[in-house]
Number of protein chains: 2
Amino acid sequence: MLMTEVIRRKRDGERLGDAEIREVIREYAAGRVPDYQMAALLMAVFLRGLDEGELTAWASAMLHSGEVVDLSGLPGPKVDKHSTGGVGDKVSVPLAPLVAACGVRVPMISGRGLGHTGGTLDKLESIPGFRTDLSVERFVAGVREVGACLIGQTETLVPADRKMYALRDVTATVDSIPLIAASIMSKKLAEGVSGLVLDVKVGSGAFMKTMEDARTLARTLVGIGRGNGVRTVAVLTDMSEPLGWAVGNALEIEESVEVLRGEGPPDTSALVRVLGGTLLWIGGVVRDVGEGETRIEDAVRSGAGLETFRRMVAFQGGDPRVADDPGRLPRARGRKEVVAGRDGFVTAIECEQVGLAGVLLGAGRRTKEDRIDPAVGFRVHAKVGQRVTRGDPLVTIHCNDDAALPQVEAMLARAWTIGDDPVTRGPLILGREPD
Amino acid sequence: MLMTEVIRRKRDGERLGDAEIREVIREYAAGRVPDYQMAALLMAVFLRGLDEGELTAWASAMLHSGEVVDLSGLPGPKVDKHSTGGVGDKVSVPLAPLVAACGVRVPMISGRGLGHTGGTLDKLESIPGFRTDLSVERFVAGVREVGACLIGQTETLVPADRKMYALRDVTATVDSIPLIAASIMSKKLAEGVSGLVLDVKVGSGAFMKTMEDARTLARTLVGIGRGNGVRTVAVLTDMSEPLGWAVGNALEIEESVEVLRGEGPPDTSALVRVLGGTLLWIGGVVRDVGEGETRIEDAVRSGAGLETFRRMVAFQGGDPRVADDPGRLPRARGRKEVVAGRDGFVTAIECEQVGLAGVLLGAGRRTKEDRIDPAVGFRVHAKVGQRVTRGDPLVTIHCNDDAALPQVEAMLARAWTIGDDPVTRGPLILGREPD
């Protein structure tokens, strides 16, 4: 392989061959293709794209740059869900134990929050003692014994993605749909799952702001999954306001427990039900998504989901009593309400601004090196469509750091738009891929 | 400046500001922008382009990455000619002394041959003793005392171009018109000239194969020159067959002397006259190009050009007697004729193939590290349009290395097309920019 020739061909809009892509990724991961050549190739990919066949090979090559989790010793289907990221998106936390309680194993490798979106690992780590840095062996044991286990990326899984992501970050090649899709899918495929549900978020709080972009990403993700022999579907869901009531790590664990108890906010509960139903269908244990949703509802009602959550937390070193006593989660010292400045209806919430206010407060990270405060965050009272009277609380800030508070308050006050006319909130589920 | 933001903006087709471009080039030259970021930016520039204003700033920033020759102490106009490269293009060698003999100084910084095209430095160095590695001080002294001096790039001139060219070479970003133009112009502007004539070659032996590409390059080069305050014009000239009779370093010096004596081949002599006339016009010593051409003819007839050539050779350490006795130039040991296989008319010569055959023979370089043999090359007998009879010599190979000979012969035999019908050679001068 002549790397300059590979770059030239992609630069000129030509198709790369599977063997060629495998060699490029392997040699890059091994340090034999220098960063400057990969940077030129990534920019050419950014501007010229990769077709479905190229992407399947690209993701597969990334995946095989490291260890792949071997779940072949565990009987039955193994499925996972991945979200493209949003504000208040704690779905994975109640979802994994609920699906496991319905007899489908969930080996989930998650990420941390970056920018305005949160990360499942950060949320789980707000549970006292909870560890997300298990070895692959312990992870497989968790999936076997509990049915669900949630860990972070390990050094041995998909090393090419870690290296490539760091390079993309400094060469303005992050927000490319093919490269995002290959990065997501290589990590998900490395879990050794047989089915995958992708929650592609759309709206002001998502990376994809338009349905068109979200649809393209969904199609691309599904194509890569299927090209690599994994049953994959995508659900496009609304992220034009924070999901549920809680934004912030411990607060979102508390809401997750509420969902597991059947006491969660309508949108979070509905999304858990739909995605859970889809996972059970993808796992092949129900005939359709509707039947899957009913099974998820049953697992909430019976308490089986909550019990699996307790066992998962215990297996991963955490205090399972948080499932019964949210007071065991870290709590922020201060509370501050942001109130409605006028009478009217909440017509919109600038969701990304809410996420960024959370980062400022310490609930998220600006850079990978930032430390987060698990206790801080927001509790949203007035969602889109809600009628409010001047002085009604819109959102309560849970804070420890008073210095950032005035700016956080101002950001939140600006994030809510209150109008005269009633509005109806749009649907939560915007589409599926394939339709 | 945030480099990722600069890359992103160019990636998205936005315009970069002058100050931004200056900072990028300066920081890159200083090693503070890493190669991988520059590689991503170069690919974005390759695919998105640079407009005339951006290019003017880019070339100016490259130029100011190092020393600029200061010719302000020398009275009168200072002009230069640059050719985009061809086969048998020895024009600079007779042109510089002829223009200097007409009272316009020529400070010329030239390049070496690479790929199928030759380089002026290699040609001059075939003169025993001739040095092209003069210091900038000696160079200025040569321009002052002789009126013309021809040297190579120094370490101190345009270091950003050297570094960037090496990176472009390994990242498939070489053949971009804006980047080629910025590279050429930064080096030419560093000479400190007030006027510049660009000989943009078009045809099978040139980098630009079509009039459209050549016209774009010409326009781009002229835009950068004018944007940087230098009187610049481009002449588009034919390179669909080798220029003149000689291809190869010492052989081309011999032909240069023939031109200076008024005994050169019609095409080389005509091109020297036209470019010389244009340089005198750009230098402001004649009213129009036609008057300039007459002055060049006079300098040939009077022997003033040949005398300036002798002085230039002597100043640069070479043996000036080559101007009177070509036997003092290196001569190859062997001769081999390639003859016409049939009766007819030469309808085309695959000019790039002739150049590549020259490289194979040792007259040029495949890589920068290759050593060349100054003596070897070709003497062309049958040019396009010429009637030949089976067995007539088309070209004589001057060779030292017998091993490459069969392949060189075969390449040359294939390069000549002989047809039944007479053809007329197209014009040598194909256009001017601005028109």
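Calculation rules
Residues numbered from 1 in each chain as written. Chains lettered and ligands numbered in written order. Predicted model: local features only at pLDDT ≥ 70, side-chain atom pairs only at ≥ 80, totals over all residues. Heavy atoms only, no water. Pairing = 2+ DSSP bridges. Helix = DSSP H or I, 4+ residues; strand = E, 2+ residues; numbered from the N terminus. Contact = heavy atoms within 4.5 Å. Axes fitted to C-alpha atoms, helices over the stretch in contact; angles between N-to-C directions. Parallel < 35°, antiparallel > 145°, perpendicular 65-115°, else oblique. Nonpolar A, V, L, I, M, F, W, Y, C, P; charged D, E, K, R; others polar. Expected span 1.5 Å × (residues − 1). Buried < 20%, exposed > 50% of the residue type's maximum accessible area, 1.4 Å probe, protein only. Buried area = accessible area lost by both parts, 1.4 Å probe. Salt bridge = Lys/Arg side-chain N within 4 Å of Asp/Glu carboxyl O. Polar contact = N/O pair within 3.5 Å; in protein donor to acceptor, adjacent residues only side chain to side chain. Phe/Tyr/Trp six-rings, centres within 6.5 Å; stacked < 30°, edge-to-face > 60°. Lys NZ or Arg CZ within 6 Å of the ring centre and 35° of its normal. Least-squares fit on C-alpha atoms with pLDDT ≥ 70 in both. Domains from an automatic or database assignment.

Before going further, it helps to spend a moment on the sheet that holds strand β7 (residues 334-339) of chain B. Residues and elements named next belong to chain B. Pairing within the open sheet is antiparallel, and its four strands lie in the order β6-β9-β11-β7. Of all strands in the sheet, those with a lone pairing partner are β6 (246-247) and β7, marking the two edges. For strand β9 (residues 377-380) and strand β11 (residues 393-399), the ladder comprises four bridges, and the chain directions are antiparallel. Across the sheet, F378 pairs through a bridge with I397, a residue of β11. Contacts from helix α16 (residues 405-415) reach β7, β9 and β11 within the one sheet, and its direction differs from that of β11 by about 155°.

In this section: the packing of helix α15 (residues 351-361) of chain B against α16 of chain B. All names here are of chain B. Remark: α15 packs on α16, axes separated minimally by 9 Å, with the N-to-C direction vectors making an angle of 170°. Of the possible angle classes, the one that applies to α15 and α16 is roughly antiparallel. For the pair α15 and α16, contact is made by Q353, V354, L356, A357, L360 and L361 and by Q407, V408, M411, L412 and A415, respectively. Grouping the amino acids of the contact of α15 with α16 by side-chain chemistry returns nine nonpolar, two polar and no charged.

Residue and element names in this part refer to chain A. The first and last C-alpha atoms of helix α11 (residues 249-260) sit 17 Å apart over 12 residues, in line with the 16 Å expected at 1.5 Å per residue. α11 sits mainly inside the fold: 12 of its 12 residues count as buried. The first or second residue beyond α11 is G262, which carries a positive phi of 80°.

In this assembly, 21 residues from chain A lie in contact with 22 residues from chain B. Between chain A and chain B lies a buried interface of about 1,700 Å² when both sides are counted; carbon and sulfur atoms form 73% of it. Among the residues chain A hides against chain B, the three largest losses belong to R11, Y36 and L47 of chain A. Together they make up 36% of the total. Our count for the contact surface shared by chain A and chain B stands at two salt bridges. Taking the shortest distance from any N to any O, the salt bridge between D175 of chain A and R11 of chain B comes out at 3.1 Å. Our count for the contact surface shared by chain A and chain B stands at six residue pairs in polar contact (both at pLDDT 80 or more). Residue contributions to the side of chain A that touches chain B peak at 10 residues, all from helix α3 (residues 35-48) of chain A. Partitioning the side of chain A that touches chain B into residue classes produces 11 nonpolar, four polar and six charged.

This brings us to the sheet that holds strand β7 (residues 334-339) of chain A. Residue and element names in this part refer to chain A. Taken in spatial order, the four strands make up an open sheet running β6-β9-β11-β7, and their pairing is antiparallel. Of all the strands in the sheet, just β6 (246-247) and β7 have a single pairing partner and so form its edges. Lying over the sheet, helix α16 (residues 405-415) contacts β7, β9 (377-380) and β11 (393-399), oriented at roughly 155° with respect to β11.

Here we take up the environment of S302 of chain B. Residues and elements named next belong to chain B. Tracing the backbone through its elements, the reader meets S302 in the loop between α13 (289-301) and α14 (304-315). On the basis of relative accessible area, S302 is assigned to the exposed category, the value being 54%. The spatial distance from the C-alpha of S302 to the C-alpha of G262 is 10.0 Å, given a sequence separation of 40 residues. Of note is the side chain of S302, whose polar atom sits 3.1 Å from the backbone nitrogen of A304.

Before going further, it helps to examine the packing of aromatic side chains. A complete count under the given rule lists zero aromatic pairs over all chains for this structure. Lying over the aromatic face of Y28 of chain A, K163 of chain A brings its terminal NZ or CZ to 4.5 Å of the ring centre.

Turning next to the pattern of salt bridges. Tallied over the full model, the rule gives 88 salt bridges over all chains. Salt-bridge contacts for R273 of chain A lead to E293 of chain A; the nearest nitrogen and oxygen are separated by 3.8 Å. Highlighted residues: R273 of chain A in helix α12 (residues 266-282) and E293 of chain A in helix α13 (residues 289-301), separated in sequence by 20 residues. Assessed through its relative accessible area of 27%, R273 of chain A is described here as partly exposed. A salt bridge links D122 of chain B to R365 of chain B, with the shortest nitrogen-to-oxygen separation between them at 2.8 Å. One end of the pair, D122 of chain B, is in helix α6 (residues 120-124); the other, R365 of chain B, is in the loop between α15 and β9, with 243 residues separating them in the sequence. Each of the two residues, D122 of chain B as well as R365 of chain B, counts as buried. Beyond isolated ion pairs, a larger network of salt bridges with shared partners links E5, R8, R9, R11, D12, E14 and E20 of chain A together with D175 of chain B.

Here we take up the relation of the copies chain A and chain B. Overlay of chain A on chain B (RMSD 0.1 Å): rotation 179°, translation along the axis 0.1 Å. Between the two chains, the operation in question is that of a two-fold axis. Scanning chain A for the C-alpha nearest the rotation axis identifies Y36 of chain A, at a separation of 1.8 Å.

The next thing to look at is the domain arrangement of chain A. Residue and element names in this part refer to chain A. Assigned domains within chain A: domain 1 (3-49), domain 2 (79-326) and domain 3 (331-419). Relative placement of domain 2 and domain 3: their C-alpha centres are 24 Å apart. Taken together, the contact pairs 29 residues of domain 2 with 26 residues of domain 3. Of the roughly 2,200 Å² buried between domain 2 and domain 3 on both sides combined, carbon and sulfur atoms contribute 53%. On the domain 2 side of the interface with domain 3, the three residues burying the most area are E241, W245 and L251, jointly 25% of the side's total. The tally of links from domain 2 across to domain 3 stands at six salt bridges. Our count for the domain 2 to domain 3 interface comes out at 14 residue pairs in polar contact (both at pLDDT 80 or more). When contributions to the side of domain 2 that touches domain 3 are tallied by element, the ones reaching two or more residues are β6 and α11.

Residue pairs three or four apart in sequence face the same way in an α-helix, which turns once every 3.6 residues. Taking 1.5 Å per residue as the helical rise, helix α9 (residues 177-189) of chain A with its 13 residues ought to reach 18 Å, and the 18 Å between its terminal C-alpha atoms agrees with that figure. Of all the 13 residues making up α9 of chain A, 12 are buried; the element is thus mostly covered by neighbouring parts of the structure.

Among the five residues of strand β3 (residues 148-152) of chain B, five are classified as buried, and the element is accordingly described as predominantly covered. Alternating positions in β3 of chain B separate into two faces, A148, L150 and G152 of chain B on one and C149 and I151 of chain B on the other, with burial throughout.

All names here are of chain B. With respect to the helices and strands, R9 occurs in helix α1 (residues 3-11). A distance of 2.6 Å separates a polar atom in the side chain of R9 from a polar atom in the side chain of E20. In this view, R9 contacts E14, R15, L16 and E20; residues no more than four positions away in its chain are not counted.

Residue and element names in this part refer to chain A. At a closest axis distance of 9 Å, the pairing of helix α5 (residues 92-101) and α13 adopts a crossing angle of 100°. Looking at the two axes, α5 sits roughly perpendicular to α13. Contacts between α5 and α13 involve L98, V99 and A101 from the former and I296, A299 and V300 from the latter. Residue composition of the contact of α5 with α13, by class: six nonpolar, no polar and no charged.

Following E433 of chain A, the chain continues to P434 of chain A via a peptide bond in cis, the omega torsion being -5°. With phi around 55°, A172 of chain A is a residue other than glycine that occupies positive phi space. Mapped onto the fold, A172 of chain A is located in the loop between α8 (159-170) and α9. Notably, V158 of chain B is not glycine yet its phi reads approximately 45°, a positive angle. Looking at where V158 of chain B falls in the secondary structure, it is placed in the loop between β3 and α8 (159-170).

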